[in-house]
Amino acid sequence: MTGVVNVAGIVWWLLVMGVVQCGKSYGDGSVVAGNARFSAYTSRLVRMEWSATAQFDDRPTVTFINRDVGPPSDLQWHISDSVLYLSTSYIKLIYHMNNTAPFTAESLQVVISYDSKTETWVPGKKDKENLKGSVMTMDCYEANPDDCIFIYYSRLQPGLLSTAGWVIVDDSTDAALTGPSDWPWRVERPETDSYTDWYMFGHGHDYKQALLDFTLVAGKVGFLPAHAQGIWWSRWHAYDEEEVKELVQDYQDHDLPLHVFVLDMDWHIEPTDIGCKPWGGYTWNTTLFPDPDEFQDWTGQQPYPDLKLVLNVHDQEGVNRCQEMFEEVQQAMGASGFVPCNFQNETFTDTMYSYCYGESPGVDYWWTDYCQFDKNNRGDYHCLHDTGDSPLLWSNYVHVEYINKKLGKRGLALAPYGGLGNHRYPQTGSGDTNSIWGVLAFEIFQTLTAANVLTGWTSDLGGFYGEGVSQWEIYLRWVQWGVYSPSFRTHCCGCEREIWLYPNYDLFQASFQLRSALFPYIYSEAWQTLTTGVINQHPLYYDWPENTESYTEHQQYLFGSVFMVHPIYTPADPLTNLTIPRDTWIPPGDWVEWSTGELFTGPMWRTQLAYTFADVPVYARAGSIVPMRSLEESHAVAPQNLILHIVPGQSGSFQIFEDDGDTWAFQNSGEFYLCNVSQSTTATATTVTISPCSDGNGFSGQPSSRTYTINLRGSTSLPQDAECNGMAPHSVTLITEPPRDISILQIECGTYDYCASVSLVVTW
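For the structure given in this document, a descriptive report is provided here. Since this is a predicted model, take the numbers as computed values, not measurements. (Residues numbered from 1 in each chain as written. Predicted model: local features only at pLDDT ≥ 70, side-chain atom pairs only at ≥ 80, totals over all residues. Heavy atoms only, no water.)

1. Side note on the overall build of the protein chain
Now for step 1: Per the secondary structure count, the protein chain includes 14 helices and 36 strands.
Now for step 2: Over its C-alpha atoms the protein chain spans a radius of gyration of 28 Å, differing by no more than 12% from the 27 Å that the globule rule assigns to 764 residues.
Now for step 3: With respect to the three principal axes, the spread of C-alpha positions in the protein chain is 80 × 75 × 55 Å.
Now for step 4: Here the protein chain holds 764 residues, and the buried ones make up 60% of them.
Now for step 5: For the protein chain, the computed accessible surface area is about 28,500 Å², with 50% contributed by carbon and sulfur atoms.
Now for step 6: Computing the positive centroid from 40 side-chain charges and the negative centroid from 91, the protein chain places the two 8 Å apart. (Helix = DSSP H or I, 4+ residues; strand = E, 2+ residues; numbered from the N terminus. Rg over C-alpha atoms; globule rule 2.2 N^0.38 Å. Buried < 20%, exposed > 50% of the residue type's maximum accessible area, 1.4 Å probe, protein only. Areas by Shrake-Rupley, 256 points an atom, 1.4 Å probe, with all protein chains shown as cover. Lys, Arg positive; Asp, Glu negative; His and termini not counted. Charge placed at Lys NZ, Arg CZ, Asp CG, Glu CD.)

Written out as structure tokens, the structure is:
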């Protein structure tokens, strides 16, 4: 292969000098060379196809939905003596056209250049340095719960990133998409040796660029509705209507925010008739819910406005004669008996939404709960009647895109992970886990690796199989981590999850309230993910790929652009009530401990740190800005009182995104606003500037005015002067914040027109 590389170097030089004449090229950046076709989508992403008939498939697939990408401006190629030489600034590809067999190490070679290094890939080379992706589910029923940890690690699928500098994705057998662009349908591609469809991600250690390039060909990350980024309640328990209402009232009585209420499978009838499967069902249990319509109306009213309702279903059980809509479904499908689940059939999908899901118009989203797996550990295989890959991915497509396209809202389906492409269809759920410390530690790690396939996970905070109040410590640590995770959803099988029943209730309450308060920050960062492909909770190696510590500290991570988090996932010493001392790596740059205001400059180690039950190790970039909302506005997508936390540091900025929180109007008609906030600090003054709204046309539900509260974290004395737009502020006070009583200078600037420019100047 060394000789080939040398020849390649000569040809690159001749090509650049204009000595070698280039052959015919296609406008989309694809080059056909014998039985192969190579399509350069970006400078680091190349599609590589081989066909026994030299016929190639231009259709999108369920994973790669966009073909209208590229070519990169630095693409060059030439065919000489039946050898194709294709290059960009980062990739050099050599293909011997005389080889009529599928790609082999003798016929194909790709050299990836990055950071003054080169890596050579040939077919058959194993990616032993893959940084992993997501598990499909965390269901595990081993007699010894500790055995599940090893099973989970074995289930981790490959991700899009590797320290080797390259990743190959095989899309040869994924179903193709055909039909209208707004509602395409799957067509199976047979498993065959006569066609190869590979994608070379040659990004070196530029991991963020790899994720962004993936979104170009596989679609953007799904944008969760606003309420789904708040507080979820879920528990497997046969609630009746009055219990639900009492529980929701309890949340309000305890000053707890609540945004989504999930009913597990007991909401529907569980027939015992022969031939009627108890797990599936779409007919309300009127013993528990005497008036389902009235109950659904109630969820959108009091005591919480616009509380979202999610119901559990097991679609793979089909529609049987015990369901009240059975005859309508039979007639629509032309069936004579039981109607099996078949999401490959578009008529079946429309029928389900017309008669089954449509029977519950007050239900906002569905939890598509699949517990059936085939020999390849593929969930929901009963709902696809032909052979083919990605059955779960297709189910998630159907449920989320139906809401997106047919109902005009931002869709979600709480469901297992369906493989590459699932990033478009949130929300990915964890499965039945045990309440043990090893599971908590793995979930933190796995949520990071899931970011490597652009997937934000929602875990069962507290674990599914737990003992309730007696396990208060592990539940507390799960909840504290949940504040800084993609989704905050408690769940369990039978055990109590009402936090007011637990010791140290005030610590639980603080976590619930903080998660809700952080909404403007979390929501704005989620909007940024549409552009970058980087999930809120992601590994340190995205930013510091050449630092070994970024890879070895499996439970340290970044949460958005501001926070670095090292959650606690081990029990405290029962004698001291302090955690076992441990070390935390501080990445390069200036970082401020959130709870104390203490400054640290990395890279460095903080060693032998022990924590109380109240502590959550969180650091913020120096100078950064974190927008929050008040408890009183826990349901406001665009709060009237915006609280801006300013972290000590010379300068910083943040872009706040606001829209209606529920639809695609921000994307389709520009119905949103962006607000830029910046700060600069010297030895004698701090200036906070809130710029006028930009880049949007406004949105439904936007406030007419806004009050600004600015919190200068770590400030220990009152200023000499403070002015908001040249006027005295409403109040200037020193406050402290638990758990470490950090001193904060709080300035209430007053009320201004929404989107107006506001400038705060503080002098000492």
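Moving on from the coordinates now.
2. Overview of the pairing of strand β8 (residues 117-121)
Now for step 1: Looking at chain direction, strand β7 (residues 108-114) and β8 are connected through five bridges and run antiparallel. Note on β8: the bridge partner recorded for Val111 is Thr120.
Now for step 2: Two successive antiparallel strands, β7 and β8, enclose a turn made up of two residues, where Asp115 displays a positive phi of approximately 50°. (Pairing = 2+ DSSP bridges.)

3. Regarding the pattern of salt bridges
Now for step 1: On inspection of all chains with the given rule, the structure shows 27 salt bridges.
Now for step 2: The shortest N-O distance in the salt bridge between Asp58 and Arg37 comes to 2.8 Å. Taken together, the positions of Asp58 in the loop between β3 (45-51) and β4 (76-80) and Arg37 in strand β2 (residues 36-40) put the pair 21 residues apart, joining distant regions of the chain.
Now for step 3: We classify Asp58 as exposed; its relative accessible area is 51%.
Now for step 4: Here Arg621 ties to Asp543 by a salt bridge, and the two come within 3.2 Å at their closest N and O atoms. Within this pair, whereas Arg621 is found in strand β26 (residues 618-621), its partner Asp543 is found in the loop between β21 (537-539) and α13 (549-552), the two being separated by 78 residues in sequence.
Now for step 5: Residue classification places Arg621 among the partly exposed residues on the basis of a relative accessible area of 25%.
Now for step 6: Using a relative accessible area of 27% as the deciding quantity, one classes Asp543 as partly exposed. (Salt bridge = Lys/Arg side-chain N within 4 Å of Asp/Glu carboxyl O.)

4. Quick word on helix α4 (residues 241-253)
Now for step 1: For α4, which comprises 13 residues, the first-to-last C-alpha distance of 18 Å matches the rise-based estimate of 18 Å (1.5 Å per residue) to within 8%.
Now for step 2: Looking only at α4, the buried set comprises Glu241, Val244, Lys245, Leu247, Val248 and Tyr251. Looking straight down α4, one finds its buried side chains confined to an arc of 160°; they lie on one side.
Now for step 3: Contacts from the buried residues of α4 go to β13 (231-233), β14 (260-263), α5 (292-299) and α11 (505-517).
Now for step 4: Residue Asp240 occupies the N-cap position of α4, its side-chain oxygen lying 3.1 Å from the main-chain nitrogen of Glu242. (Expected span 1.5 Å × (residues − 1). Arc of directions from axis to C-beta. Contact = heavy atoms within 4.5 Å. Polar contact = N/O pair within 3.5 Å; in protein donor to acceptor, adjacent residues only side chain to side chain.)

5. Focus: the environment of Tyr708
Now for step 1: Take Tyr708: it is sitting in strand β32 (residues 705-713).
Now for step 2: Counting along the chain gives 341 residues from Tyr708 to Trp367, while the straight-line C-alpha distance between them is 38 Å.
Now for step 3: Setting aside residues up to four positions removed in sequence, Tyr708 forms contacts with Asn641, Leu642, Leu644, Ile690, Ile747, Glu748, Cys749, Gly750, Tyr752 and Val758.

6. Structural notes on the state of the cysteines
Now for step 1: On inspection of all chains with the given rule, the structure shows four disulfides.
Now for step 2: Disulfide pairing is shown between Cys140 and Cys148; the S-S distance is 2.1 Å. What sets the handedness of the Cys140 and Cys148 disulfide is the S-S torsion sign, and at about -90° it is left-handed.
Now for step 3: Cys140 gets classed as buried once you look at its relative accessible area, which sits at 4%. (Disulfide = S-S within 2.5 Å.)

7. With respect to the packing of α4 against α5
Now for step 1: Viewed as axis vectors pointing N to C, α4 and α5 meet at an angle of 10°, and their least axial separation amounts to 11 Å. Here α4 is positioned roughly parallel relative to α5, judged by the angle of their axes. Between α4 and α5, the residues in contact are Glu241, Val244, Lys245 and Val248 and Glu294, Phe295 and Trp298, respectively. (Axes fitted to C-alpha atoms, helices over the stretch in contact; angles between N-to-C directions. Parallel < 35°, antiparallel > 145°, perpendicular 65-115°, else oblique.)

8. Examining the nonpolar core
Now for step 1: Core analysis: the biggest nonpolar cluster contains 130 residues, and Leu263, Phe563 and Leu644 have the highest contact counts within it.
Now for step 2: Beyond its immediate chain neighbours, meaning those up to four positions away, Leu644 contacts Ile625, Val626, Pro627, Ile656, Val677, Ile690, Tyr708, Thr709, Ile710 and Asn711.
Now for step 3: One finds Ala40, Met48, Ala164 and Trp198 within the second-largest nonpolar core, a separate group that totals 26 residues. (Core = buried A, V, L, I, M, F, W, Y, C linked by side-chain atoms within 4.5 Å.)

9. A short note on the sheet that holds strand β33 (residues 721-724)
Now for step 1: Across the sheet, which stays open at both edges, the five strands sit in the order β29-β30-β31-β36-β33 with antiparallel pairing between neighbours. Strands with a single pairing partner mark the edges of an open sheet, and in this sheet they are β29 (651-658) and β33. Across the sheet, the axes of successive neighbouring strands diverge by a mean angle of 10°, strand direction being ignored.
Now for step 2: Relative to strand β31 (residues 685-690), strand β30 (residues 673-681) runs antiparallel, the two sharing five bridges. Counted as the bridge partner of Ser680 is Thr687 from β31.
Now for step 3: Relative to β29, helix α12 (residues 519-532) is tilted by about 85°, and along the sheet it contacts β29 and β30.

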